[in-house]
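Read off the chains here:
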Amino acid sequence: MPATAPTGVGHLRGEESFPAAARRALGDAQLRRNLRHATTTIRAKSGAVIAEVPDWPELRAAARAIKTDTMARLPELLEQLEAAVTAAGGTVHWAADAVEANRIVTELVRAAGADRVMKVKSMATQEIGLNEALEAAGIEPVETDLAELIVQLGDDRPSHILVPAIHRNRAEIREIFLRAMPGVDPALTDEPAVLAAAARRHLRETFLSTRVAVSGANFAVAETGTLAVVESEGNGRMCLTLPETLITVMGIEKVIPTWRDLEVFLQLLPRASTGERMNPYTSMWTGVTPGDGPQAFHLVLLDNGRSAVLADEVGRQALHCIRCSACLNVCPVYERTGGHAYGSVYPGPIGAVLSPQLTGVADNASLPYASSLCGACYDACPVMIDIPSILVHLRAQAPHPRAEAATMAAAAYTMDHPALYAAAQRAARLSQLAGPRGRGLPPPLSGWTASRDLPEPPPQTFRQWWAQR
Ligand code: SF4
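About the criteria used
- Residues numbered from 1 in each chain as written.
- Predicted model: local features only at pLDDT ≥ 70, side-chain atom pairs only at ≥ 80, totals over all residues.
- Heavy atoms only, no water.
- Helix = DSSP H or I, 4+ residues; strand = E, 2+ residues; numbered from the N terminus.
- Rg over C-alpha atoms; globule rule 2.2 N^0.38 Å.
- Buried < 20%, exposed > 50% of the residue type's maximum accessible area, 1.4 Å probe, protein only.
- Contact = heavy atoms within 4.5 Å.
- Areas by Shrake-Rupley, 256 points an atom, 1.4 Å probe, with all protein chains shown as cover.
- Lys, Arg positive; Asp, Glu negative; His and termini not counted.
- Charge placed at Lys NZ, Arg CZ, Asp CG, Glu CD.
- Pairing = 2+ DSSP bridges.
- Axes fitted to C-alpha atoms, helices over the stretch in contact; angles between N-to-C directions.
- Near = heavy atom within 4 Å.
- Nonpolar A, V, L, I, M, F, W, Y, C, P; charged D, E, K, R; others polar.
- Disulfide = S-S within 2.5 Å.
- Patch = residues over 30% accessible without salt bridge, like charges linked within 9 Å, V, L, I, M, F, W, Y side chains within 5 Å.
- Salt bridge = Lys/Arg side-chain N within 4 Å of Asp/Glu carboxyl O.
- Core = buried A, V, L, I, M, F, W, Y, C linked by side-chain atoms within 4.5 Å.
- Polar contact = N/O pair within 3.5 Å; in protein donor to acceptor, adjacent residues only side chain to side chain.
- Phe/Tyr/Trp six-rings, centres within 6.5 Å; stacked < 30°, edge-to-face > 60°.

## Looking at the overall build of the protein chain
Along its length, the protein chain carries 21 helices and ten strands. What you see for the protein chain is a C-alpha radius of gyration of 25 Å, in line with the 23 Å of a compact globule of 469 residues. Over its C-alpha atoms, taken along the principal directions, the protein chain stretches across nearly 90 × 55 × 45 Å. Here the protein chain holds 469 residues, and 49% of them are scored as buried. Nonlocal contacts in the protein chain, meaning residues at least 24 apart in sequence, comprise 76% of its contacts between residues at least 6 apart. Total accessible area on the protein chain is roughly 21600 Å²; 56% of this is exposed by carbon and sulfur atoms. Charged side chains of the protein chain number 44 positive and 49 negative; the gap between the two group centres comes to 9 Å.

Next up, the structure:
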């Protein structure tokens, strides 16, 4: 079995279980108001633009087919990508895990003689804890995405894949800027345009004076060696074009076979994520172009547990994810708890299936249960990932409490022995005589009925009905 993501580095494991973290989050009324407002707004916007596309179901099916094909021949496609990037003047590095990826990036930044890097929003670099690794090496990382900047200045953690500061409202953002943004106007108001202008002024100096940028990648085309980043603010385009050295850290699952495949994903992604018809900024680059853009390009291909996910025939669907965050926005659990409760940088339904697989289920054992299995995530997912089935699959792998394991073993034994089963059914009928239901099961099984009614046994069992005929 391939290795899972190592402990002690990166942000895939929470410090407490989901139920404990969720309970605290549920007590934060401001957080719940912010989340409800943001997810409701994005859902409505996204639903409206998806309704405009007559072949949306066919696009989803095409995306699933492309991703399934990609996973079936991932090693071959990655080698094709490496050859194409190298032929175009780039350098490819293979990182088995977060430790190796952080070391590679740190050494590249040092070799470029820089002590500061500007960053395009990237889930992969958050996953591996790159900012912390750079800071430990005396290199200052500057997030240039507005929401990531808010999170960084607030010494906070992202709580949504696409809108990392979704848990903050504008009054809170103003306070963060006044407290942590160098040179900010003390008369700053909480008008969105004023806050954006303050961030723009702060970042402009960084864009013009920083020689190394670090990005993630939304897609990498194996046949051409082209990398693609989609974003909404233009900060990504600045980072991808202005510096002398560009380092891209990309999860190995982001590769797609052909240029033509981009056509499918570039239609699906903006409508499912931000509710836009197309991305405001779609940047693509292929290796190095003399006299234009960064003159050194490094691509770090990150595994960090992905090969282990790929090895699981049910769970590997999680690698199809294009990080649109649609599943978060429709999830009744996420809407109430927010992203921090999931512990990992990947929150919501996709986090509940991806994080436990990257780390090994035992390290994130409560996450597969962070769902009501309502199926809204499956309906919303533009690449048709069957998240509920993966959740059930992972629940079977999670360590179970002794009482539950003993109960299930006893139930299995009973069902395997017809006479015992018939006796159990008679006993259940007799228990009805003991009085009205609704009191639940006695300990240690009482947890199961704490929020469920114990079903009434039917007046007649199937065996009795059959015997009568
Ligand atoms: S699982 Fe599907 S809906 Fe959720 S972020 Fe990934 S692509 Fe989007």
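Moving on from the model shown.
## Focus on the sheet that holds strand β8 (residues 255-256)
Pairing is mixed in the open sheet, where four strands are placed in the order β8-β5-β6-β9. The open sheet is flanked by β8 and β9 (281-286), the only strands paired with a single partner. Both strand β6 (residues 226-231) and β9 contribute to a ladder of six bridges, which runs antiparallel. Paired with Glu231 across the two strands is Tyr281, which belongs to β9. Sheet strands in contact with helix α12 (residues 262-273) are β5 (219-221), β6, β8 and β9, and its direction is about 165 degrees off that of β5.

## A closer look at the sheet that holds strand β10 (residues 296-302)
With respect to topology, six strands assemble into an open sheet ordered β1-β10-β7-β4-β2-β3, the strand pairing being parallel. What marks the edges here is a single partner per strand, and that holds for β1 (91-95) and β3 (140-143). In this sheet, neighbouring strand axes are inclined to one another by 25 degrees on average, regardless of whether the strands run parallel or antiparallel. Of the strands in this sheet, β1, β7 (245-251) and β10 touch helix α4 (residues 74-87), which is tilted by about 145 degrees from β1. Contacting β1, β2 (116-119), β4 (212-215), β7 and β10, helix α5 (residues 98-111) crosses the sheet at an angle of about 145 degrees to β1.

## Digging into the site of the ligand
The full set close to the ligand counts 13 residues, and Cys321, Cys324, Ser325, Cys327 and Cys381 are the nearest of them. Of the residues contributing to the shell around the ligand, the split by class is eleven nonpolar, one polar and one charged.

## Quick word on the packing of helix α2 (residues 29-50) against α12
Two elements in contact, α2 and α12, have axes whose closest approach is 7 Å; the angle formed by their N-to-C orientations is 145 degrees. Taking contact as the criterion, the partners of Ile42, Ser46, Val49 and Ile50 in α2 are, on α12, Arg271, Ala272 and Ser273. Looking at the contact of α2 with α12, its residues break down into four nonpolar, two polar and one charged.

## Comments concerning the state of the cysteines
Here the structure, examined in full by the defined rule, presents zero disulfides. The thiol of Cys377 is not disulfide-bonded; the next cysteine sulfur, from Cys374, is found 6.2 Å away. In this structure Cys377 comes out as buried when scored by relative accessible area, which is 7%.

## Observations regarding a negative patch on the surface
Together, Asp115, Glu132, Glu135 and Glu140 make up a region of like negative charge exposed at the surface. As for its placement among the helices and strands, Asp115 is situated in the loop between α5 and β2.

## Quick look at the pairing of β6
Among the six residues of β6, six are classified as buried, and the element is accordingly described as predominantly covered. Across the two faces of β6 the burial is the same, with Thr226, Ala228 and Val230 and Leu227, Val229 and Glu231 all buried. With antiparallel pairing between neighbouring strands as the criterion, β5 and β6 make up a hairpin whose turn holds four residues, including Gly225 at a positive phi of roughly 80 degrees.

## Describing the nonpolar core
Of all hydrophobic cores here, the largest spans 107 residues; its most connected members are Leu81, Phe177, Leu227, Leu299 and Ile350. Ranked by residue count, the leading element in this core is α12, at six residues. Residues within four places of Leu81 in sequence aside, it is in contact with Ala220, Val221, Ala222, Gly225, Met250, Val255, Leu299 and Leu301. Core analysis: the second largest hydrophobic core is formed by 20 residues, Ile104, Val105, Leu130 and Leu134 among them.

## Quick notes on the environment of Ala29
Relative to the assigned elements, Ala29 resides in helix α2. Ala29 gets classed as partly exposed once you look at its relative accessible area, which sits at 46%. Residues Ala29 and Arg336, spaced 307 residues apart in sequence, show a C-alpha to C-alpha distance of 9.8 Å.

## Re the side chain of Glu253
Along the chain, the position of Glu253 falls in the loop between β7 and β8. With a relative accessible area of 3%, Glu253 lands in the buried category. Engagement of the side chain of Glu253 in a polar contact is seen with the side chain of Arg323, the distance being 3.1 Å. If sequence neighbours within four positions are ignored, Glu253 has contacts with Lys67, Met71, Arg306, Leu319 and Arg323.

## A closer look at a nonpolar patch on the surface
A cluster of nonpolar side chains, contributed by Phe462, Trp465 and Trp466, occupies part of the molecular surface with about 390 Å² of accessible area. By secondary structure assignment, the location of Phe462 is in helix α21 (residues 462-468).

## Brief notes about the packing of aromatic side chains
Pairs of aromatic rings are described using the distance from one ring centre to the other and the angle between the two planes. For the structure shown, the criterion picks out seven aromatic pairs. For the ring pair Phe18 and Tyr342, a centre distance of 4.8 Å and an interplane angle of 55 degrees mean the geometry is tilted. Taken together, the residues Phe18 in helix α1 (residues 18-26) and Tyr342 in the loop between α15 (332-337) and α16 (348-359) connect sequence positions 324 residues apart. Clustering of aromatic rings is evident, with ring pairs tying together Phe18, Tyr334 and Tyr342.

The values are spatial; any link to function lies outside them.
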